[in-house]
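Close look at the chain arrangement
So the chains spell out like this:
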Amino acid sequence: MRERIVILTGAGISAESGLGTFRDAEGLWAKHRIEDVATPEGFARDPARVQAFYNMRRAEARTAAPNPAHFALAALEATQDVLIVTQNVDTLHERAGSQNLLHMHGSLTQAMCTSCQARWEAPLVMEVSDPCPHCGARHTRPDIVWFGEMPYGLEQIDAALQNATIFAAIGTSGTVYPAAGFVAEARRLGVRTLEFNLEPSAGQPLFDELRIGPASETVPNWVAEIA
Ligand code: BJW
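Model, not experiment: these values are computed from the prediction.

Another point: the site of the ligand. Near the ligand lie 37 residues; those nearest to it are Arg-57, Thr-172, Ser-173, Tyr-177 and Asn-197. Here Tyr-54 contributes a side-chain N or O atom positioned 2.7 Å from an oxygen atom of the ligand. Between the ligand and Tyr-177, the relevant distance is 2.7 Å, taken from an oxygen atom to a main-chain nitrogen or oxygen of the residue. Burial of the ligand by the protein amounts to 76% of the accessible area it has alone, namely 1500 Å². Among the elements of the structure, α1 (11-15) and α5 (47-63) are those that each provide at least two residues to the shell around the ligand. Tallying contributions element by element places α1 first for the shell around the ligand, with 3 residues. Along the lines of polarity and charge, the residues of the shell around the ligand split into 19 nonpolar, 12 polar and 6 charged. Summarising the domain contributions, the shell around the ligand has at least three residues from each of domain 1 (1-19 + 65-105 + 151-227) and domain 2 (20-63 + 107-144).

Structure follows, in structure tokens:
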């Protein structure tokens with residue numbers, strides 16, 4: 001049977017590609033205050049600090065390579081109906097070959113204008129004084145969803161969950177909403193739920209199955225079972 005699978009990914013899937021997670025002991029939030037770098041208020045206070053944070057993340061992400069977990073999910077599209085909903089702002093899923101992909105928290109590769117809402121490919125280094133290529137306003141920012149802002153694609157995600165047979169969460173702590181609520185919604189709809197993590201996440205009791213271990217091993221094993 002062809003399964004209809006919604007897969008939520010988080011920072012843990014990219015950890016073995018060398019990109020830091022947020023809430024681990026050595027994670028990004030141990031070195032940077034969320035209020036300073038991941039809120040619209042922080043950007044309004046000190047846009048140069050926020051641009052520097054995302055310039056650093058963009059440079060790191062550019063040199064990272066997809067790992068076996070990203071490649072396995074891309075291969076899964078050949079045999080199953082898959083929607084990957086990633087909270088990650090790196091491009092490792094698309095570089096591994098995934099086609100049906102939604103970046104719900106935006107992407108490091110995109111810039112946006114807060115005056116005219118235009119979006120374009122971000123340069124490697126964004127500056128506070130960059131003009132918008134469409135309207136010329138110097139109100140540009142990374143196209144990233146910060147706390148208090150509406151994530152992308154929620155209607156599409158909801159529709160996919162309504163139609164899904166499997167919901168899988170990979171490498172996410174389950175602490176940031178609305179993504180953290182998808183497992184409860186899937187469960188309410190009678191969708192089978194499966195978690196992949198190094199340790200049980202905050203939402204673990206809502207998952208039917210938990211596979212503990214590095215995503216680069218557990219995800220390819222799962223894909224081999226269902227492909
Ligand atoms: C491995 C591994 C390996 C490691 N293998 N696993 C009170 C209650 C409920 C909600 C709220 C509330 N107060 C405020 C809110 C809303 C707020 C929120 O959720 N706050 C919480 C902190 C409580 N959410 C928002 O504001 C969102 N917008 C919103 O709600 O809009 C209104 C709305 C209304 C109604 C409906 C819908 C919406 C926006 C959230 C924006 C999040 N932005 C960030 C930063 C920007 C992106 C960036 O810079 O990269 O996104 S925060 C950060 O957390 C980032 C991530 O995408 C996100 C999730 O983190 P993730 O991916 O789970 O990483 P970690 O580090 O937490 O976990 C890594 C996991 O991997 C761990 O479990 C490890 O064990 C595991 N792991 N190595 C397998 N090898």
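For the rest of this paragraph, the subject is the sheet that holds strand β5 (residues 119-121). The strands that make up a sheet are held in pairs by hydrogen bonds between backbone atoms, and each pair lies either parallel or antiparallel. If you trace the 3 strands from one edge of the open sheet to the other, you get β5-β4-β6, paired in antiparallel fashion. Of all strands in the sheet, those with a lone pairing partner are β5 and β6 (140-144), marking the two edges. Averaged over all neighbouring strand pairs, the angle between strand axes comes to 45°, with direction disregarded. Looking at chain direction, strand β4 (residues 106-113) and β5 are connected through 3 bridges and run antiparallel. Bridging across to β5, Ala-111 finds its partner in Trp-120.

Among all positions in helix α6 (residues 68-76), only Ala-69, His-70, Ala-72, Leu-73, Ala-74 and Leu-76 are buried. On its buried face, α6 is in contact with β1 (4-9), α1, β2 (81-86), α7 (92-96), β7 (166-170) and α10 (215-226). Of the residues that open α6, the one with a side-chain oxygen 2.8 Å from the backbone nitrogen of Ala-69 is Asn-67.

For the rest of this paragraph, the subject is the environment of Ala-52. Structurally, Ala-52 can be placed in helix α5. Measuring from C-alpha to C-alpha, the distance between Ala-52 and Ser-216 comes to 30 Å, with 164 residues separating the pair along the chain.

Enumeration according to the criterion identifies 7 aromatic pairs in this entry. Aromatic pair Phe-167 and Phe-207: ring centres 6.4 Å apart, planes at 15°, arrangement stacked. Note that Phe-167 is positioned in strand β7 and Phe-207 in the loop between β8 (192-197) and β9 (209-212), a separation of 40 residues in sequence. Measuring from centroid to centroid gives 5.2 Å for Phe-196 and Trp-222, while their planes differ by 55°, and the two rings are tilted. Here Phe-196 is found in strand β8, whereas its partner Trp-222 is found in helix α10, with 26 residues between them in sequence. Residue Phe-196 is classed as buried on the basis of its relative accessible area, which comes to 1%.

Moving on to the layout of surface pockets. In this approach the atoms are scanned with a rolling probe the size of a water molecule, which exposes any empty space left behind. There is about 210 Å³ of room inside the second largest pocket. In terms of lining residues, the second largest pocket is bounded by 13 residues, among which Arg-58, Arg-62, Thr-91, Thr-109 and Leu-124 are the most central. For the lining of the second largest pocket, the elements supplying multiple residues, two or more each, are α5 and β4. Ranked by residues supplied to the lining of the second largest pocket, first place goes to α5 with 3 residues. The residue makeup of the lining of the second largest pocket includes at least three contributed by each of domain 1 (1-19 + 65-105 + 151-227) and domain 2 (20-63 + 107-144).

Attention now goes to the sheet that holds β9. Taken together, 6 strands build an open sheet; the order of strands is β3-β2-β1-β7-β8-β9 and the sheet is parallel. Looking along the sheet, the strands with just one partner apiece sit at the ends: β3 (101-103) and β9. When the angles between neighbouring strand axes are averaged without regard to direction, this sheet yields 15°. α6 contacts β1, β2 and β7 of the sheet and is inclined by roughly 160° relative to β1. Across the sheet, helix α8 (residues 154-162) touches β1, β2, β3 and β7, and the angle it forms with β2 is around 140°.

Cut-offs used in this document
Here the residue numbering is sequential within each chain, running from 1 through the sequence in written order. Side-chain atom pairs in this predicted model are given and counted only at pLDDT of 80 or more, local residue features only at pLDDT of at least 70, and totals for whole chains, interfaces and linings cover all residues. Values reported for side chains reflect all heavy atoms of the structure, with hydrogen atoms and water molecules removed beforehand. A molecule or strand has a residue near it when one of that residue's heavy atoms lies within 4 Å. For the purposes of these results, a polar contact is taken to be a pair of N or O atoms within 3.5 Å, where, inside protein, one atom must be able to donate a hydrogen and its partner to accept one; residues adjacent in sequence count only when each atom of the pair is a side-chain atom. Note that accessible areas follow from Shrake-Rupley with a 1.4 Å probe, and for residues the cover is restricted to the protein chains shown. The numbering of helices and of strands both runs from the N terminus, where a helix is a DSSP run of H or I of at least 4 residues and a strand a run of E of at least 2. Residues are grouped as follows: Ala, Val, Leu, Ile, Met, Phe, Trp, Tyr, Cys and Pro are nonpolar; Asp, Glu, Lys and Arg are charged; every other residue, Gly included, is polar. The domain boundaries here were taken from an automatic or database domain assignment. Here the rule is simple: two strands pair whenever DSSP picks up at least two bridges between them. A fitted line through C-alpha atoms represents every axis, and for helices the fit uses only the stretch in contact; the resulting angles, taken between N-to-C directions, go from 0 to 180 degrees. A 1.4 Å probe rolled over the protein chains alone gives each residue an accessible area, and that area as a share of the maximum for its type sets the label: buried under 20%, exposed over 50%, partly exposed in between. Between two residues, a contact is recorded if the distance between any of their heavy atoms is within 4.5 Å. Side-chain rings of Phe, Tyr and Trp, where Trp is taken by its six-membered ring, are said to pair if the distance between their centres is within 6.5 Å; with planes under 30 degrees apart they count as stacked, over 60 as edge-to-face, and otherwise as tilted. Grid points spaced at 1 Å over the protein atoms alone were grouped into cavities, where a 1.4 Å probe fits but cannot get out, and pockets, open sets with protein on both sides within 12 Å along at least five of seven lines, with lining residues defined by an atom within 4 Å of a point. Grid points are joined across faces, edges and corners, and a volume is the space filled by probe spheres set on the points.

On their own, these measurements won't tell you what the molecule is for.
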